[in-house]
Amino acid sequence: MPAYKRILLKLSGEALMGDDAYGINRATIVRMVKEIQEVTALGVQVAVVIGGGNIFRGVAGGSVGMDRATADYMGMLATVMNSLALADTMRQEGMTARVMSAISIDQVVEPYVRPKALQYLEEGKVVVFAAGTGNPFFTTDTAAALRGAEIGAEVMLKATKVDGVYTADPKKDPSATRYASITFDEALIKNLQVLDATAFALCRDQNLPLKVFSIFKQGALKRVVLGEDEGTLVHV
């Protein structure tokens, strides 16, 4: 039995690169989609927010000295590209996905409308939220927290390269141990960089639990959804 009925999955754009320098690695995106498919097969409603770092990294050199707002809008467009790639890969795997963008690009994707997003989720479609919050100066982590709260997700799942939150950087400190669960306040006091400050505050204020896990660990997403001891749960 799944532990959650509706989840918000936050993927980083970098996760799509696989071992490539930038862009989308085909094998990696297919593997991720199959992991999501396993969860939807359990009857869990899935919404996704994806970053744009894998595409923006390729043009980051040219953004040096650029106006921050302009660079952020470029990043938003990168997330639209990733969202389209994700939704199309889902289609090829026999799933139904809808991309909803926070900025208006009507010929390409439909705009984000909350009641419509809720309808899609109820119908069993995967909803991919693109273009962050639609505003500069806000990260896709903040967009994930915002959309998670808006759609009434029971948990926000942050897929990272490490399998949870550790007492110290496990790459630098071999004695670092993983927290099975920790409160938002404890994470703040211990200065554990779980999310950026705005996203973190939003999750805490809206009582939206956060689960940090590794997307590179096969079957981890399904284990998280089934409530098994995978990753770290950050809660109020």
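Residues numbered from 1 in each chain as written. Predicted model: local features only at pLDDT ≥ 70, side-chain atom pairs only at ≥ 80, totals over all residues. Heavy atoms only, no water.

**Re the overall build of the protein chain**
Using the following cut-off: Helical segments are the DSSP runs of H or I of at least four residues, strand segments are the runs of E of at least two, and each set is numbered from the N terminus. What the globule rule says is 2.2 Å times the number of residues to the power 0.38, and the radius of gyration is computed from C-alpha atoms. Categorising residues by exposure relies on relative accessible area from a 1.4 Å probe, with only protein chains included: less than 20% of the type maximum marks a residue as buried, more than 50% marks it as exposed, and the intermediate range marks it as partly exposed. Any two residues whose heavy atoms approach within 4.5 Å are treated as being in contact.
When helices and strands are tallied, the protein chain shows eight helices and nine strands. For 236 residues, the compact-globule estimate of 2.2 N^0.38 gives 18 Å, and the C-alpha radius of gyration of the protein chain, at 17 Å, lies within 12% of that figure. Over its C-alpha atoms, taken along the principal directions, the protein chain stretches across nearly 50 × 45 × 35 Å. Here the protein chain holds 236 residues, and 49% of them are scored as buried. Here the contacts in the protein chain between residues at least 6 apart in sequence split such that 73% fall between residues at least 24 apart.

**Quick word on the sheet that holds strand 5 (residues 126–130)**
For clarity, the threshold we go by: Strand pairing is assigned whenever DSSP identifies at least 2 bridges connecting the two strands. All axes are obtained by fitting lines to C-alpha atoms, using only the stretch in contact for helices, and the reported angles, taken between N-to-C directions, cover 0 to 180 degrees.
Reading across the sheet, the nine strands line up as 4-3-5-2-1-6-8-9-7 and stay open at both edges, with mixed pairing between neighbours. Each edge of the open sheet carries a strand with a single partner, namely strand 4 (110–111) and strand 7 (181–183). The pairing of strand 3 (residues 97–101) with strand 5 spans five bridges and is parallel. Paired with valine 99 across the two strands is valine 128, which belongs to strand 5. Along the sheet, helix 1 (residues 26–40) contacts strand 1 (6–11), strand 2 (45–50) and strand 5; its crossing angle with strand 2, the most-contacted strand, is approximately 155°.

**Brief notes about the side chain of threonine 232**
Spelled out, the test is: Any N or O atom pair separated by 3.5 Å or less is treated as a polar contact, with the protein-specific requirement of one donor-capable and one acceptor-capable atom, and with residues adjacent in sequence counted only for side-chain atom pairs.
Tracing the sequence through the fold places threonine 232 in strand 9 (residues 232–235). A polar contact of 2.8 Å, which involves the side chain of threonine 232, links it to the backbone nitrogen of valine 165.

**Things to note about the nonpolar core**
Stated formally: Residue types Ala, Val, Leu, Ile, Met, Phe, Trp, Tyr and Cys, when buried and joined through side-chain atoms within 4.5 Å, form a set referred to as a nonpolar core.
Ile7, Leu9, Leu11, Val48, Leu86, Leu157 and Phe213 are the most contacted members of the largest nonpolar core, which totals 39 residues. Looking at this core, the elements that each hand over two or more residues are strand 1, helix 1, strand 2, helix 3 (68–92), strand 3, strand 5, strand 6 (155–160) and helix 8 (220–225). Setting aside chain neighbours within four positions, we find phenylalanine 213 in contact with Leu9, Leu157, Lys158, Ala159, Thr160, Val162, Asp163, Gly164, Ala220, Leu221, Val224 and Gly231. Formed by 32 residues, the second largest nonpolar core is a distinct cluster that contains Leu121, Ala144, Ala145 and Val165.

**Brief notes about the environment of glutamate 110**
By the secondary structure assignment, glutamate 110 is in strand 4. Residues glutamate 110 and methionine 100, ten residues apart in the sequence, show an inter-C-alpha distance of 5.2 Å. When residues no more than four places from it in sequence are discounted, the contact partners of glutamate 110 are Arg98, Val99, Met100, Ser101, Lys116 and Tyr120. Side chain to side chain, glutamate 110 and tyrosine 120 meet in a polar contact 3.0 Å long.

Bear in mind that shape data such as this cannot, by itself, settle questions of function.
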